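Here are the chains, one letter per residue:
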2 protein chains.
Amino acid sequence: MFFYFMLIGRALFAADPLPSDGDDGYRLWLKYEPVTNAPVKAEYVRYTAFIGNASKGEVAQSASGELQKGLQSLIGKNISVTNAYAGKSGGIVLKLDANADQPEEGYRIQVLGGNLVVSSKTERGILYGTFALLRHMQMQQPLKGLNITSSPKVQYRMLNHWDNVDGTIERGYAGSSLWKWYELPERVDPRYEDYARANASLGINGTVLNNVNASARFMSQEYIVKVAAIAKVMRKYGIKTYLSVYFAAPKTLGGLSTSDPLDPQVRAWWKEKVAQIYKEIPDFGGFLVKANSEGEPGPQDYGRNHADGANMLAEAFKPYDGIVVWRAFVYKADPNADRFKAAYEEFVPLDGKFDPKVIVQVKNGPIDFQPLEPFSPLFGNMPKTPLGIEFQITQEYLGFATHAVYESPIFKECLESDTYVNGQGSTVARVVDGSLHGYARTLMAGVSNIGNARNWTGHPLAQANWYAFGRLSWDHQLSSEQIAREWTALTLTRNPKAAESIVSLMLRSREIYVDYNTPLGLSRPWMGVHFAPEPWQNKGSRPDWTAVYYHRADSAGLGFDRTASGSDALAQYRPQVQQQWNNPDKTPLPYLLWFHHVGWNKKLSTGKTLWEELCTRFYTGADSVLWMQKQWDLAKPSLDAQVYTDVAQRLKVQQREAIWWRDAWVLYLQTFTKQPLPAGFEPPKQTLEEVKKSVNIYLMK
Amino acid sequence: MFFYFMLIGRALFAADPLPSDGDDGYRLWLKYEPVTNAPVKAEYVRYTAFIGNASKGEVAQSASGELQKGLQSLIGKNISVTNAYAGKSGGIVLKLDANADQPEEGYRIQVLGGNLVVSSKTERGILYGTFALLRHMQMQQPLKGLNITSSPKVQYRMLNHWDNVDGTIERGYAGSSLWKWYELPERVDPRYEDYARANASLGINGTVLNNVNASARFMSQEYIVKVAAIAKVMRKYGIKTYLSVYFAAPKTLGGLSTSDPLDPQVRAWWKEKVAQIYKEIPDFGGFLVKANSEGEPGPQDYGRNHADGANMLAEAFKPYDGIVVWRAFVYKADPNADRFKAAYEEFVPLDGKFDPKVIVQVKNGPIDFQPLEPFSPLFGNMPKTPLGIEFQITQEYLGFATHAVYESPIFKECLESDTYVNGQGSTVARVVDGSLHGYARTLMAGVSNIGNARNWTGHPLAQANWYAFGRLSWDHQLSSEQIAREWTALTLTRNPKAAESIVSLMLRSREIYVDYNTPLGLSRPWMGVHFAPEPWQNKGSRPDWTAVYYHRADSAGLGFDRTASGSDALAQYRPQVQQQWNNPDKTPLPYLLWFHHVGWNKKLSTGKTLWEELCTRFYTGADSVLWMQKQWDLAKPSLDAQVYTDVAQRLKVQQREAIWWRDAWVLYLQTFTKQPLPAGFEPPKQTLEEVKKSVNIYLMK
């Protein structure tokens, strides 16, 4: 009945649509809009006689089903699936081929014997190839001479959900959790399947359902069967289900007197627990663990180390295919330490001590998902331990759902950073994809930005960040621009001029955000809420839980000296990297204050003093949001009205908040610089006290 | 573009629909399904020549716009709106008539001069009449001889949202808050308008946006402009916007040294604050206040009483139309007190002391929204103070979103209770609608069950509770059955047999829930989470924050003696009411344990002992969920597949949880009765310890 209503609403009430009309973003990049290019369509139609699929496996079935749906919408033809396609031509064949010259999940798409053939060694490969073909068609690309082969560079391509048992999401800005624990296992929300489709379309093959600040509930039989009901849906799309675990569960849930990883009873408890999980979820993916970090329990509570903890869990997985992903996000409370150095100090000594089933998951940067951050010095320094990389897709430090920040440049910048550990070209990407150290297991994880918002991500443009993460987890060599073009064409518009305008907005958005938020290598100007500017925040239960710890503003200058004269965190990098960053005169400006305490009047490479350059960036950044608005408006004629309005309104919020950031920084830093604004900049309309007051509103319960 | 996709999906993939297909519940009872009865349709078509609306007011515009949309879908005809309809016939005329013989918000619908005429003194009346006409047409009722007049019995018909600033909802089970504070005021979610339409269609004319455990943020200019953006949408549908206020805001937000309601500076602060709000929201509704209750600040912090607090706020509203709604939900920590008596004790002495702008809002029962509760003794005992009634629509104590409980019988039961204060017939309804004491202001409030779930309420059948509350707030004389029939026809199916089956399920659902949850007058068997059974819970920072406080099970018997030999709470009622409840032999069984401690082996009117009767109810209740499942299945052929499956799956959860409740009670009470189950009842498959363990899972962080 619903379609009827929509039809009526759209067709005849264009001038006065129901608010619920228009593109609500639910379909993401799987919209399958009808192909409008006539010659292209004619070419596609030549392969629509049948869909050949001889495999009864559920993943292959998902592939042929998706192809049916997609072509129905793209071409307007209902194509039947057959397993009796031998000798036939003019169709699309999904061909499982044990002898294919491809890695496990890889696929090949080519025109062969009058058919369009998607082949792979595995059903998953066929599914990925099918989605690639549909992407190709959605972008109205020709089929002639088609011969695409592709395989993933990274083995475990995962989303990490920081979703809590009560339905809230830590650092989530798109509504509440998709996972409805109270309704499971009996009720399986149809949305789970659309979630799986969207992820599979990008090549994502794993999902951790719950927050790393984990509840012990998930280790109970009650919750295991709930998880199993979700896993059943994921399985159809080649996605394995993982859980974050609470390290102290043997005590709190199991009733043991200890959770010491070397205690035989504890080891037995975990073994039994893992066996219990596999009984319900035969393809269970494994555990993700945040231990001895930010108050979470861990092996150090018993005088053991991270390897002891991880290896105990790995032992429990020995009979199974699952793995243990152990997070390296740790920083002890040490008032004299540089948090930058913490993970390296704790983990490098453990290199080689982890069980082969363990992957250590390292955040891209040494601190915590800052808008611009140097790569973590762990990359390259644990050659004997598979290191996975953890990116944050959700915009914890990127303006929540009210700022447009396309994150692919953040991901790429880290992946392309050269660690120099085996000479030039030893990029982080090559650490992560295993080619540098020959890792047996490789992993890329993204902290999800998905919630139950109708459009999944809150900000419509934030869908692009999920998309970019997924695409890069498959192939980190794709460029940010290419991904932006793809996503825009699939999601927003096929009009080339409009797309051009949107892509340029996207590609500059991160730089603009950094300019008004954390230019020149500033970091963590938030504390309470990771939303409002608080560079003045100087009270915390530990020094590194203040903002002043990070920027170190004083009457002389600004920035954190991490050279040999300071914390010497730079020493954790190879000499060639140190060289890039250890001389304030040569350090690229985006990294300057990450490594140096710089005098206010020091002349930078731009010819401006530090203070002048800072002001220029704050003001230019805030002004550039107006440019973003113009870019978006240029695309308006080619955009769905609801999507246009949604983003246009959010860009207005961003503009207001960018000025808030600019003013907060400028007025606060002036209390140190005692300098006026450089000529040409209009002073803030508000006082520092007024800005603080407006920030304090967001700190109220 | 969306409709195209839906069309394709529905029309051709019936066998393999996309998960997102089907009726997702978003349209609620405003589906406007095409009229299928040919003679009825022919009759309707005779009034589709035009829509006459001479009023330019935005509320009247909403009415004519809704009529256009509705008829477009019901009849398939695009009808234009005109103000030049004089002398024309064959149309629908919305007629603003200052001389109409109707109360302000009332309307009349009749066939007059060849037109279908909706007339009212006010635009709001016209809007309500329009929705009534559309309801009439959705139900395919004839127009011949139509002459409907209707006006609301209660003046303030409000939803109370317990929505927090962080997007969570206290006691919300349908996702996160609709109100997106971070995006406002620039971005206005289109859903706000659909929310307003749905409420206006029921006659709801006020909404309190935020939790009564209120954040001071809402009193900041920053948030006032956000609220104003929502109020602008509500205004179009005749809905006034209200805010819950944090009584200590003068201190925490205003920086004053006190929030004492008698302090001149505090009074001045609130006056200015209210003026500031009216500057942004000229039709602002007023404040809702939870003070000196469950840790919230209030006038008693300064030795003042509730009237002092409320009157101070009322004073600030003097220049405006707004009101102060002051909640009577209070219970001091007194280990010897009966919480049942608390609100009466605090409020009755204040009768007559409240400013005329104050309405005191009283929960339907003396404790807290229990599944079955006697009416609050405050009703009838404050003749000089307008008392509004507060119902809870969200299922805090009714199984969250996994149990189907149609609440109209709960609302009606309270409204029809006779207080006897002015002799027989002095019902709670007549207290609330003002007819008994001549209240100048009357109010009915419902704590909302709405969240950002696509279907608004989580459980599809919970939409009926929103609907029932709204309909009863307009006319409390409607029967539960009539409301259920209406809602079912509008929302689920017009098939009479299927509707019959669903309506019978709905009408029995509350009784069934009570049977397995709190039979014979038991209450509050939860503490930590208001979800899992915890009748054994006996530790709390105060006695009335334990479960055993309420049921008082011991080796002799069960129940709370509230007669003269006990807490004597009964004395707060009139003698005729006392008579109903003070004799355990004559007390109606649903109220028995509310007022009496009854011996395990006492014979009840059913011929069974208390223990036997309890067991019978626990078991019958749990078994009756199977009957509900059968009723639902009977309707299957007439239901949308997605809705059918959703409810069917939830009923399976309910069945499992009903057994959980049954077993928890039976096993726990056996530790006191030391008696076996009566013959014929199969003992629980689990031990009490096992049940406790399964409950404890839900108490884990």
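Quick note: structure is the one above.
Only a predicted model underlies this, so the values are computations on that prediction, with no experimental measurement involved.

**Q** Got a sec to walk through the nonpolar core? Specific residues and values, please.
**A** In terms of nonpolar packing, the biggest core is built from 466 residues, with W632 of chain A together with W632 of chain B touching the most fellow members. Those residues in contact with W632 of chain A, other than ones at most four positions away along the chain, are L461, L492, S501, I502, L505, L639, V643, Y644, V647, A648 and L651 of chain A.

**Q** A description of the pairing of strand 11 (residues 323-327) of chain A should follow, citing residues and the corresponding values.
**A** Residues in a regular strand project their side chains so that they alternate between the two faces of the sheet. Residues and elements named next belong to chain A. The element strand 11 is largely enclosed, with a buried count of five among its five residues. Here strand 11 shows two buried faces, one formed by I323, V325 and R327 and the other by V324 and W326. As paired elements, strand 10 (residues 286-289) and strand 11 share four bridges and run parallel to each other. Residue pairing across strands places G286 opposite I323, the latter belonging to strand 11. Assessed by its sense of winding, the connection that carries the chain from strand 10 through helix 9 (residues 306-317) to strand 11 is right-handed.

**Q** Explain the environment of G451 of chain A to me, using residue names and the numbers behind them.
**A** All names here are of chain A. For G451, the position within the fold is in the loop between strand 14 (443-447) and helix 13 (463-474). Remark: the alpha-carbon pair of G451 and D163, spanning 288 residues in sequence, is separated by 9.0 Å. Discounting residues that sit within four places of it in the chain, G451 has contacts with I169, A174, S176, L178, R191 and W456.

**Q** Go over the interface of chain A and chain B with me, naming the residues and quoting the values.
**A** Taken together, the 74 residues of chain A in the interface contact 76 residues of chain B. Summing the contributions of chain A and of chain B, the shared interface buries around 7100 Å²; its carbon and sulfur component is 61%. If you look at where chain A meets chain B, you find 12 salt bridges. Between R454 of chain B and D24 of chain A there is a salt bridge, with the nearest N and O atoms lying 4.0 Å from each other. Linking chain A with chain B are 21 residue pairs in polar contact (both at pLDDT 80 or more). Of all the secondary-structure elements, those providing two or more residues to the side of chain A that touches chain B are helix 1 (2-12), helix 3 (58-75), helix 5 (191-200), helix 6 (221-235), helix 20 (641-673) and helix 21 (688-697) of chain A. Per element, the largest residue contribution to the side of chain A that touches chain B is nine residues, and it comes from helix 1 of chain A.

The rules behind each value
Within any chain, residue numbers begin from 1 and follow the written order of that chain's sequence. Each chain takes a letter, starting from A, and each ligand takes a number, starting from 1, following the order in which they are written. For a predicted model such as this one, the threshold for reporting local features is a pLDDT of at least 70, and the threshold for listing and counting side-chain atom pairs is 80 or more; totals across whole chains, interfaces and linings nevertheless cover every residue. Values reported for side chains reflect all heavy atoms of the structure, with hydrogen atoms and water molecules removed beforehand. Residues grouped as a nonpolar core are buried Ala, Val, Leu, Ile, Met, Phe, Trp, Tyr and Cys residues, joined through side-chain atoms within 4.5 Å. The buried label applies to any residue whose accessible area, calculated with a 1.4 Å probe on protein chains only, is under 20% of its type's maximum; exposed applies above 50%, and partly exposed to all values in between. Between two residues, a contact is recorded if the distance between any of their heavy atoms is within 4.5 Å. By the criteria applied, helices consist of DSSP H or I runs no shorter than four residues and strands consist of E runs no shorter than two, each listed in order from the N terminus. At least two DSSP bridges between two strands are required for those strands to pair. Here the term right-handed applies to a crossover when the path leading from its first strand over the helix to its second strand runs clockwise, the strands being oriented away from the viewer. Accessible area that two parts lose when put together, with a 1.4 Å probe and added across both, is what the buried area reports. By definition here, a salt bridge exists when the distance from a side-chain nitrogen of Lys or Arg to a carboxyl oxygen of Asp or Glu is within 4 Å. Here a polar contact means two N or O atoms within 3.5 Å. Within protein one must be a hydrogen donor candidate and the other an acceptor candidate, and residues neighboring in sequence count only if both atoms are side-chain atoms.

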